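An overview of the molecular structure
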Amino acid sequence: MRDLIQLLPDHIANQIAAGEVIQRPASVVKELIENAIDAGADTIQLLLKDAGKTLIQISDNGKGMTKNDAIRCFDRHATSKLKTAEDLFALTTKGFRGEALASIAAIAHVSLKTKQHDQELGNIIEIEGSKITKNEVTVCANGTTFSVKNLFYNVPARRNFLKSDTVEFNHITDEFVRIALAHPSITFIFTNNEQEVYHLRASNLRKRIVDVVGIKTNDKLVPIEESTEIVTINGFVGKPEYSKKTRGEQFLFVNDRFFKDSFFHHAISKAFDGLIQPKHFPSYFLYLTIDPKKIDINVHPTKTEIKFEEDRLIYAIILSSIRQALGKYNIAPTLDFNQENSFDLPHSMRNQPAIEPIIKVDTNFNPFNSNKPSSGSSSANFTKAIHSEGFGAKEVTPEDWQNFYQIEEEQPKNELQEIEFENPIILEKSFINQGKYLFTPCKSGLLVIDLPRAIERIVYDELMVKFVSSPIVSQQLLFPIEREFSKNETSSWLENTTMLERLGFKSTITNQTMSLNAIPTILQEESIHICIDLILENISFKEIEKGDIAHFLILSIAQAAGRKKSKANSANENEHIIEQLFQCPEHAFTPTGKKIVQTLSFEEIALKF
Ligand code: ADP
Ligand code: MG
């Protein structure tokens, strides 16, 4: 029988390896900048065309390569950074696998120009699909320039998998920012399609963070410094009042390498416990320095996960150093850990017997009796509210309720069918508004409505209908609202300006500061910031089909309208909301599929007793 096994030719093996190392233009950018840093460069230039799809060029003034190295660097497992297996446990360089250049050369057209500082002339090598097509002596600057063209030209599946220029550009910016933040002493210049994206001069850490994240950041940073035998921590956390609704500014580095770690992230969030609002995220830029023997960066091919030998101890050190820093800068003056469970009583009140609080109860109060207000009690206010004409709502008559249930009957079967609407006897216009939820009796029990979600559905449907026929009416803001954007946010916002305008957002952007002059009338001013956060969250990293952009933007507005923290609604308002909700064809679920309405049946209620 014939032997079947043969070794894969190098170019195929490289192509397969490339699949792991190079997923998109951003991976090339990361690998090449890291090589430049390993080569000791203090100035690195990144130049892109079409978000890297046409060209990625990285030039450095590092040590350069000899002629032989310039050829050998494209071989698989060719590295100058590891000599023995032991080196693997004490890495001080970014690279060590010797895979990046071999992978890139297998799936793109690559040109390399390189010259060592003590040489007169340099060399130029061109390589396409792992085959060297040019190898000449040339005049060039000290250092190394890699140009990568037509990425994935021979892997159509990968090329087709690439997202829009904006999305790819955002991924590149993310990688770039992570590296730039880790190396403040290196000058970085980044241009895309001849437009300068970043020009970061060598400086200290604080200045670098401010240059990258935005000038207003400076006042928001609290320095962290802690030196222990296990780990040294420095960097900054954002003051709690500047916490954000998105996770944008969270950076962890170890030995100048960006990494992600949910365990340490938890330690940081815990340090902020009680200082920031729920669902907000603290900003942080934390740099750990640790003996390389005590970490393993070999866990993940793209190396953003790292194993720590002493992770529990590091957790505790991170937690305490941030708490201390927040305390020191008077941001958390009450953080006195010995007193956690005691109360600070004024001196005059100490040693006094405790007085039981008295709760006043109106025993006549019946929220379901809407007909005869008895004056002077809280029930009077309640019933008055039901009959008042606030909120611009028309007086709702019993017939309206009939209609409302008829609409329901016409609906196709869905989970709401279990709620029996036919019998209007149950329909007293009575509600209990418990914060987020609205309770109202129905024939089979109790109807529970998630108010924010109901509003989300109503606003979404309303805007969708209006938007299709004409631009959404907008209201001019008396004072424009300013927001500082990251590069990614700026590019995503600019890309969608036309659609945003149609939806009522009139804005201008200068130097990453977005100034909002008008908003859709449906949005209240206090929800604007939430809305901007949601828009950015919804459009920045998703590959959105052209036809879907309106959906995502309208969804953001609807979610913001729903999340607005409002005072309790009047009964009339509640009634109006329910009425509107049940007119929406999909009233049982939000546009993202979350439940809006639930019934608690009498049986379920009975089980509770
Ligand atoms: P690794 O970085 O893991 O060693 P790479 O494939 O990225 O593997 O690079 C292979 C080798 O090429 C490096 O070890 C280094 O010796 C050389 N090299 C790559 N880029 C540069 C550069 N910009 N300047 C000098 N040498 C470089
Ligand atoms: Mg490398």
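Since we're looking at a predicted model, the values are computed, not measured.

Looking at ligand 1, there are 20 residues lining it, with Asn 35, Thr 79, Ser 80, Lys 81 and Gly 98 nearest. At 2.7 Å from an oxygen atom of ligand 1 is found a side-chain nitrogen or oxygen belonging to Lys 81. Within the backbone of Gly 98, a nitrogen or oxygen atom sits 2.7 Å from an oxygen atom of ligand 1. Computed on the free molecule, ligand 1 has an accessible area of 530 Å², of which 93% lies beneath the protein chains in the complex. At the level of elements, helix H2 (25–38), helix H4 (100–106) and strand S6 (143–149) are the ones that each hand at least two residues to the shell around ligand 1. Here the residues of the shell around ligand 1 sort into nine nonpolar, seven polar and four charged.

All told, the structure shown has 15 salt bridges when counted by the stated rule. Note that Asp 211 and Lys 207 form a salt bridge whose closest N and O atoms lie 3.0 Å from each other. Of this pair, Asp 211 and Lys 207 both sit in helix H7 (residues 205–213), four residues apart, which is roughly one turn of the helix. One salt-bridge network, in which partners are shared between bridges, spans Lys 436, Asp 450 and Arg 453.

The strand order S19-S21-S20 describes an open sheet built from three strands, whose pairing is antiparallel. Each having just a single partner strand, strand S19 (474–484) and strand S20 (506–510) make up the two edges of the open sheet. If you compare each strand with its neighbour and ignore which way they point, the axes differ by 15° on average. The sheet strands contacting helix H13 (residues 487–495) are S19, S20 and strand S21 (513–520), and the helix crosses S20 at an angle near 140°.

Moving on: the environment of Tyr 437. With respect to the secondary-structure elements, Tyr 437 resides in strand S17 (residues 437–442). Distance from Tyr 437 to Ile 449, taken between C-alpha atoms, is 5.6 Å for residues twelve residues apart in sequence. For Tyr 437, the side chain forms a polar contact with the side chain of Lys 436, separated by 3.4 Å.

In the contact formed by helix H12 (residues 451–469) and helix H16 (residues 549–563), the axes pass within 8 Å of each other and the chain directions differ by 140°. Regarding the angle of H12 to H16, the classification is oblique. Seen along the crossing, H12 lies across H16 with a hand that is right-handed. For the pair H12 and H16, the contacting residues are Pro 452, Ile 455, Glu 456, Val 459, Tyr 460, Leu 463, Met 464 and Phe 467 in the first and Ala 550, His 551, Ile 554, Leu 555, Ile 557, Ala 558, Gln 559, Ala 561 and Gly 562 in the second. Each residue belonging to the contact of H12 with H16 can be placed in one class, and the counts come to 13 nonpolar, three polar and one charged.

Moving on: the sheet that holds strand S12 (residues 257–259). The strand order S9-S10-S13-S11-S12 describes an open sheet built from five strands, whose pairing is mixed. Two strands close off the open sheet at either side, each with one partner strand: strand S9 (221–227) and S12. Between one strand axis and the next, the sheet turns through 20° on average, direction left out of account. Alignment of S9 against strand S10 (residues 232–238), held across seven bridges, turns out to be antiparallel. For Glu 226, the partnering residue across the bridge sits in S10 and is Ile 233. On the sheet, H7 packs against S9, S10 and strand S13 (284–289) and is oriented at approximately 40° with respect to S10.

Bringing a nonpolar patch on the surface into the picture now. A contiguous nonpolar patch, built from Leu 8, Ile 12 and Ile 16 and spanning about 270 Å² of accessible area, is present on the exposed surface. The topology assignment puts Leu 8 in the segment before helix H1 (10–21).

Turning our attention to the side chain of Ser 27. Along the polypeptide, Ser 27 turns up in helix H2. With sequence-adjacent residues up to four places away left out, Ser 27 is seen in contact with Val 21 and Ile 22.

Ile 33, Leu 46, Phe 74, Phe 176 and Phe 188 are the most contacted members of the largest nonpolar core, which totals 63 residues. The greatest single-element share of this core, amounting to eight residues, is contributed by helix H6 (residues 165–182). Not counting residues up to four positions away in its chain, the partners in contact with Ile 33 are Ile 44, Leu 46, Ile 58, Phe 176, Ile 179 and Phe 188. Listed in part, the 33 residues of the second largest apolar core include Leu 503, Ile 519, Ile 528 and Leu 536.

Quick look at the confidence of the model for the protein now. Detailed conclusions should not be drawn from predicted coordinates in areas where pLDDT is low. Across the protein, the average pLDDT comes to 80, with 80% of residues at 70 or higher. Every residue in residues 332–427 scores below 50 in pLDDT, and together they form 97 contacts with partners more than four places removed in sequence or on other chains.

Inspection of the secondary structure assignment puts Thr 93 in the loop between helix H3 (67–72) and H4. In this structure the C-alpha to C-alpha distance between Thr 93 and Lys 81, which are twelve residues apart in sequence, comes to 7.0 Å. Contact partners of Thr 93, with chain neighbours within four places excluded, come to Asp 38, Lys 81 and Arg 257. A polar contact is formed between the side chain of Thr 93 and the backbone oxygen of Gly 95, at a distance of 2.8 Å.

Definitions and cut-offs
Residues numbered from 1 in each chain as written. Chains lettered and ligands numbered in written order. Predicted model: local features only at pLDDT ≥ 70, side-chain atom pairs only at ≥ 80, totals over all residues. Heavy atoms only, no water. Near = heavy atom within 4 Å. Polar contact = N/O pair within 3.5 Å; in protein donor to acceptor, adjacent residues only side chain to side chain. Areas by Shrake-Rupley, 256 points an atom, 1.4 Å probe, with all protein chains shown as cover. Helix = DSSP H or I, 4+ residues; strand = E, 2+ residues; numbered from the N terminus. Nonpolar A, V, L, I, M, F, W, Y, C, P; charged D, E, K, R; others polar. Salt bridge = Lys/Arg side-chain N within 4 Å of Asp/Glu carboxyl O. Pairing = 2+ DSSP bridges. Axes fitted to C-alpha atoms, helices over the stretch in contact; angles between N-to-C directions. Contact = heavy atoms within 4.5 Å. Parallel < 35°, antiparallel > 145°, perpendicular 65-115°, else oblique. Left-handed = near helix turned anticlockwise from the far one by under 90°. Patch = residues over 30% accessible without salt bridge, like charges linked within 9 Å, V, L, I, M, F, W, Y side chains within 5 Å. Core = buried A, V, L, I, M, F, W, Y, C linked by side-chain atoms within 4.5 Å. Buried < 20%, exposed > 50% of the residue type's maximum accessible area, 1.4 Å probe, protein only. pLDDT = per-residue confidence, 0-100.

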